[in-house]
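Secondary and tertiary structure notes
As a plain string of letters, each chain reads:
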Amino acid sequence: MGMRALLGLLLAAAMTLAAGAAHAHPHVWITATSELLYAADGSITGVRHAWTFDDMFSTYAVQGLESKTKGVYTRDELTPLAQTNVESLKEYAYFTFARADGKKERFQEPVDYFLDYKDTVLTLHFTLPLKNPVKPKQLVLEVFDRSFFIDFQMAKDNPVKLVGAPAGCQMKLERPNDGTASAQKLNEQTFLSGENSNFGMMFANKITVDCP
């Protein structure tokens, strides 16, 4: 595997480092939008994410990638990197956790994934199909990184869309309070003791959809 391909594993390597690093602050920042996908019968079939990486990560990830035009990367040229990205996310359950009426739901491997590069930042698009489509009264979807190595922020505009949802479904988004202050207060010892292995939950973005 050449240096180019290794860059795609950056996320995975970074996460492994984070696990042992005992630093309760993010190193990668992602601005996210999520679409909840519904079938004609009103059941939820999956989630479509678009995750825009910060400038620094984006610059690092495309370093050395072959492209016809300097500084411009087509979707095709980014395909190998997109594939490596989604493969390395698998271990972290794609940072996406769903409960239907309180019951944990599982996702299949991502489909329709691709990267685009615009205004010097990379955006990873992918769809996570639910293993079993569900029709709950309440769906709770959380997006976060347990180790808080990656800081997920839902986009300011149109962060969540319901696509094809039945009439009367109500969606609310709870964003984490900007937790960086409390992250600083936690000393490394607390973090090492293991009590904070789920530290990132404090910074979860929580989407709740209630349907009649």
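First things first, this report covers the structure right here in the doc. (Residues numbered from 1 in each chain as written. Predicted model: local features only at pLDDT ≥ 70, side-chain atom pairs only at ≥ 80, totals over all residues. Heavy atoms only, no water.)

Things to note about the layout of surface pockets
Gaps left between atoms are located by rolling a probe of water-molecule size over the structure's atoms. Test applied: In this analysis the probe radius is 1.4 Å and the grid spacing 1 Å, with only protein atoms considered; a cavity is a set of points the probe fits into but cannot get out of, a pocket is an open set with protein on both sides within 12 Å along at least five of seven lines, and lining residues have an atom within 4 Å of a point. Grid points are joined across faces, edges and corners, and a volume is the space filled by probe spheres set on the points. Secondary structure counts use DSSP, requiring at least four H or I residues in a row for a helix and at least two E residues in a row for a strand, with both numbered from the N terminus. Polar here means any residue other than Ala, Val, Leu, Ile, Met, Phe, Trp, Tyr, Cys and Pro, which are nonpolar, and Asp, Glu, Lys and Arg, which are charged; Gly is therefore polar.
The calculated volume of the largest pocket comes to roughly 380 Å³. Forming the walls of the largest pocket are 18 residues, and the residues nearest its centre are Ala-93, Thr-96, Glu-105, Arg-106 and Phe-107. Among the secondary structure elements, those contributing two or more residues to the lining of the largest pocket are strand 3 (96-100) and strand 4 (103-105). A total of 4 residues in the lining of the largest pocket trace back to one element, the largest contributor, which is strand 3. Of the residues contributing to the lining of the largest pocket, the split by class is 7 nonpolar, 2 polar and 9 charged.

Notes on the sheet that holds strand 4
The test is simple: Two strands are counted as paired when DSSP detects at least two bridges linking them. Orientation is described by lines fitted to C-alpha atoms, with helices fitted over the stretch in contact, and by angles between N-to-C directions that extend from 0 to 180 degrees.
Here we have 5 strands laid out as an open sheet, ordered 4-3-7-11-10, and antiparallel in their pairing. The outermost strands of the open sheet, each flanked by one partner alone, are strand 4 and strand 10 (170-174). Put simply, the sheet's adjacent strands are angled 20° from each other on average, direction ignored. With 3 bridges connecting them, strand 3 and strand 4 associate as antiparallel partners. Among the inter-strand pairings, Arg-99 is bridged to a residue of strand 4, identified as Lys-104.

Concerning the nonpolar core
Selection criterion: Only buried residues count toward a nonpolar core. Its members are Ala, Val, Leu, Ile, Met, Phe, Trp, Tyr and Cys residues joined through side-chain atoms within 4.5 Å. Exposed residues in this analysis have more than 50% of their type's maximum accessible area, buried residues have under 20%, and partly exposed residues fall in between, with area computed by a 1.4 Å probe over protein chains only.
Formed by 45 residues in total, the largest nonpolar core has its most connected members in Ile-30, Trp-51, Leu-78, Leu-122 and Leu-124. Broken down by element, this core gets its largest block of residues, 6 residues, from strand 6 (residues 121-134).

Some words on the side chain of Thr-84
For clarity, the threshold we go by: For the purposes of these results, a polar contact is taken to be a pair of N or O atoms within 3.5 Å, where, inside protein, one atom must be able to donate a hydrogen and its partner to accept one; residues adjacent in sequence count only when each atom of the pair is a side-chain atom.
Within the fold, Thr-84 resides in helix 4 (residues 79-89). You can call Thr-84 buried: its relative accessible area is 17%. Of the polar contacts made by the side chain of Thr-84, one reaches the backbone oxygen of Pro-80; its length is 2.6 Å.

Some words on the pattern of salt bridges
Here is the rule we go by: Each salt bridge in this description consists of a side-chain nitrogen of Lys or Arg and a carboxyl oxygen of Asp or Glu lying within 4 Å of one another.
Under the definition given, this model contains 4 salt bridges. Of the charged contacts in the structure, one is a salt bridge between Arg-99 and Glu-142, with a shortest N-O distance of 3.4 Å. Of this pair, Arg-99 sits in strand 3 while Glu-142 is found in strand 7 (residues 138-143), placing the two residues 43 residues apart along the sequence. Assessed through its relative accessible area of 32%, Arg-99 is described here as partly exposed.

Re the packing of aromatic side chains
The condition is simple: Think of it this way: a Phe, Tyr or Trp ring, Trp meaning its six-membered ring, pairs with another when their centres are within 6.5 Å, and the plane angle makes it stacked under 30 degrees, edge-to-face over 60, tilted otherwise.
One pass over the structure, following the stated rule, counts 10 aromatic pairs. When the centroid spacing of 5.0 Å and the interplanar angle of 85° are considered together, the rings of Tyr-73 and Tyr-117 count as edge-to-face. With Tyr-73 in the loop between helix 3 (55-62) and helix 4 and Tyr-117 in strand 5 (residues 111-118), the pair connects residues that are 44 residues apart, well separated along the chain. Each member of the pair, Tyr-73 together with Tyr-117, is buried. Joined through ring pairs, the aromatic side chains of Trp-51, Tyr-92, Tyr-94, Phe-95, Phe-126 and Phe-152 make up one cluster.

Considerations on the pairing of strand 6
With 11 of 14 residues buried, strand 6 lies mostly within the body of the structure. In terms of strand pairing, strand 2 (residues 44-53) meets strand 6 through 8 bridges, oriented antiparallel. Paired with Gly-46 across the two strands is Pro-129, which belongs to strand 6. Judged from the 6 bridges that link them, strand 5 and strand 6 form a sheet pairing that is antiparallel.

As for helix 3
Spelled out, the test is: Of all possible arcs, the one meant is that of the directions from the helix axis to the C-beta atoms.
Among the residues of helix 3, those classed as buried are Phe-57, Ser-58, Ala-61 and Val-62. Buried positions in helix 3, seen along its axis, are confined to an arc of 115° and lie on one side of it. Between the side-chain oxygen at the start of helix 3 and the backbone nitrogen of Met-56 there is a gap of 3.1 Å, and the oxygen is on Asp-54. Remark: Gly-64 follows helix 3 within two positions and exhibits a positive phi of approximately 80°.

With respect to the environment of Lys-172
Applied cut-off: Contacts are assigned to residue pairs with any non-hydrogen atoms lying within 4.5 Å of each other.
Tracing the backbone through its elements, the reader meets Lys-172 in strand 10. Given a relative accessible area of 46%, Lys-172 falls into the partly exposed group. Spatially, the C-alpha atoms of Lys-172 and Val-140 are 9.7 Å apart, while their sequence positions differ by 32 residues. Setting aside chain neighbours within four positions, we find Lys-172 in contact with Lys-206, Ile-207 and Thr-208.

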